[in-house]
Amino acid sequence: QVLLAATYGLTQMGYTTAIDYGFDSKDEQGKPARNIYDLLKEDISIEMGARKLKGGYEDKGIGDACYENSDWWKSLKTYNGASKYANEVCSYYNSNIFKEVSTP
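An account of the accompanying structure is given in this report. (Residues numbered from 1 in each chain as written. Predicted model: local features only at pLDDT ≥ 70, side-chain atom pairs only at ≥ 80, totals over all residues. Heavy atoms only, no water.)

Next up on the list: the pattern of salt bridges. Any two side chains of opposite charge can pair if their charged atoms end up close together. For the structure shown, the criterion picks out 3 salt bridges. Of the charged contacts, one joins Arg 34 and Asp 38 as a salt bridge, the two residues approaching to 3.6 Å between their closest N and O atoms. Linking Asp 38 and Lys 41 is a salt bridge whose minimum nitrogen-to-oxygen distance equals 3.3 Å. The class for Lys 41 is partly exposed, based on a relative accessible area of 44%. Linked by salt bridges that have partners in common, Arg 34, Asp 38 and Lys 41 make up one network. (Salt bridge = Lys/Arg side-chain N within 4 Å of Asp/Glu carboxyl O. Buried < 20%, exposed > 50% of the residue type's maximum accessible area, 1.4 Å probe, protein only.)

Here it is in structure tokens:
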């Protein structure tokens, strides 16, 4: 029960949510095929978080805008369940703090 109720990894993914996004499948005996602690691995955690975020995003051809009630904002809100979180992430995004920097 505790293992299923906990969240794991960088994206704080719950096991049952990760299953919804393709993390695990059952073996022939109906038991989990993967170890729940695989969600602690950075690459797996980021992949599962990205799948969930993409699942909440509907492309309506408005580009990558991030503002209240935009598609990205709605996706962030469904990811975490709170508009405050979505507002903060969009604020960081819009500040260009994460803009790709090329090195010589």
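Additional details are given in the paragraphs that follow.
So, on to the environment of Glu 68. In this structure, Glu 68 sits in the loop between helix H3 (42-55) and helix H4 (71-80). Counting along the chain gives 18 residues from Glu 68 to Ala 86, while the straight-line C-alpha distance between them is 8.0 Å. In contact with Glu 68, other than residues within four places in its own chain, are Trp 73 and Asn 87. (Helix = DSSP H or I, 4+ residues; strand = E, 2+ residues; numbered from the N terminus. Contact = heavy atoms within 4.5 Å.)

Locating Thr 11 in the fold gives a position in the loop between strand E1 (7-8) and strand E2 (13-14). Judged by relative accessible area, which is 19%, Thr 11 ranks as buried. A polar contact of 2.9 Å, which involves the side chain of Thr 11, links it to the backbone oxygen of Ser 45. In contact with Thr 11, not counting residues within four places along its chain, are Ser 45, Ile 46, Gly 49 and Tyr 79. (Polar contact = N/O pair within 3.5 Å; in protein donor to acceptor, adjacent residues only side chain to side chain.)

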